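Chain by chain, the residues:
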Amino acid sequence: MGTLQSFILHRRSQGVKTRTINFGLQVVRHILNLAESEWIDLNGVTWLQRAPRIKFLPETDRRKPRPLSFEEQATLFAALPPYLARMATFKVNTGCREQEVCQLRWKWERVIPELATSVFLIPSEHVKNREDRLVVLNSIARMMVDSVRGEHEDFVFTYRGKPVKKMNGRAWQAARKRVNMRDVRVHDLKHTFGRRLRAAGVSFEDRQDLLGHKSGRVTTHYSSPELSNLIAAANRVCPGEWGKNGEAIILEEKNRYLVAV
């Protein structure tokens, strides 16, 4: 840890959050553990006899989630360019992480004939927790996918014929500034989906599956009834269901993407 102090101080001087610094420390700890347990030299000896102990820093500066109301969502999404509004609408209705949306590929789509729909199965190497990620589409997410079907051979969401590297770029930041919502992060769309699921009474287990959280359950072999249940749960955050709970939502088409108002 003494050796790492210069790294920690340097990252502090750059103004990054403790959580980001801990991600770096986690990589170092993982490498050291491999050097102790798995990496073997030509003589059959591990690189290290004992890995130094790496302690993570207390995350006292961690930012709390900032879920959006439907009104805030409508205001922010209306300020986004069409390609980014589609991605944001998909994200807030699936709970996908930013890179899961940016990297989403057509070859990951799995048609479910029995349910007359499809899902996406993102391979583990593209998922943060290194588990295959099932992406269930509610009616709004399905419209976002269908609205761009055929535009690109490989990637679902693109801009000017190329995949989008990140959502949190100049367009996102400019839109936040324009509508005075600078505290909203792209990741808050995932928190928003989770909050709406919980408010709609979706069970903890179903929320875990819909949000792609690591749960220990098999997530690549769902039966039709199980998938049907997850799709129904995801649809509970859509306009009709929320209208029953006293918050009326109307969808109107604008520049080929849907905005909740």
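Refer to the structure printed above.
Residues numbered from 1 in each chain as written. Predicted model: local features only at pLDDT ≥ 70, side-chain atom pairs only at ≥ 80, totals over all residues. Heavy atoms only, no water.

1. Regarding unusual backbone geometry
Backbone geometry at Ala116 places phi at a positive 55°, although glycine is not the residue there. For Ala116, a relative accessible area of 72% translates into the label exposed. Phi at Asn180 is positive, roughly 60°, even though this residue is not glycine. If you trace the backbone, Asn180 turns up in the loop between α7 (170-178) and α8 (188-199). (Buried < 20%, exposed > 50% of the residue type's maximum accessible area, 1.4 Å probe, protein only. Helix = DSSP H or I, 4+ residues; strand = E, 2+ residues; numbered from the N terminus.)

2. Concerning the pairing of strand β1 (residues 109-112)
Bridge count between β1 and strand β2 (residues 117-122): four bridges; the pairing is antiparallel. Residue pairing across strands places Glu109 opposite Phe120, the latter belonging to β2. (Pairing = 2+ DSSP bridges.)

3. Let's talk about the environment of Val136
Turning to its location among the elements, Val136 is positioned in the loop between β3 (133-135) and α6 (139-148). In the structure, Val136 is positioned 74 residues away from Leu210 in sequence and 6.7 Å away in space, judged by C-alpha atoms. In this view, Val136 contacts Thr94, Val119, Leu210, Leu230, Ile231 and Ala234; residues no more than four positions away in its chain are not counted. (Contact = heavy atoms within 4.5 Å.)

4. Describing the pattern of salt bridges
It is possible for side chains bearing opposite charge to pair when their charged atoms get close. Scanning the entire structure with this criterion turns up nine salt bridges. Notably, a salt bridge pairs Arg66 with Glu72, separated by 2.8 Å at the nearest N-O pair. The exposure class of Glu72 is partly exposed, given its relative accessible area of 26%. Across the pair Glu109 and Arg142 runs a salt bridge whose closest N-O atoms are separated by 3.7 Å. Here Glu109 is found in strand β1, whereas its partner Arg142 is found in helix α6, with 33 residues between them in sequence. With respect to burial, Glu109 and Arg142 carry one shared label: buried. (Salt bridge = Lys/Arg side-chain N within 4 Å of Asp/Glu carboxyl O.)

5. Details of the packing of helix α9 (residues 204-211) against helix α10 (residues 224-235)
Contact geometry for α9 and α10: axes closest at 10 Å, N-to-C directions at 90°. Considering their axes alone, α9 and α10 lie roughly perpendicular with respect to each other. From α9, Asp206, Asp209 and Leu210 reach across to α10, where they touch Asn229, Leu230, Ala233 and Ala234. Considered class by class, the residues forming the contact of α9 with α10 number four nonpolar, one polar and two charged. (Axes fitted to C-alpha atoms, helices over the stretch in contact; angles between N-to-C directions. Parallel < 35°, antiparallel > 145°, perpendicular 65-115°, else oblique. Nonpolar A, V, L, I, M, F, W, Y, C, P; charged D, E, K, R; others polar.)

6. Observations regarding the pairing of β2
Taken across its six residues, β2 has six buried, putting it largely inside the fold. Alternating positions in β2 separate into two faces, Thr117, Val119 and Leu121 on one and Ser118, Phe120 and Ile122 on the other, with burial throughout. Hairpin remark: β1 followed by β2, antiparallel, with four residues in the connecting loop; positive phi at Ala116, about 55°. By the bridge criterion, three bridges tie β2 to β3 in an arrangement that is antiparallel. Paired with Phe120 across the two strands is Val135, which belongs to β3.

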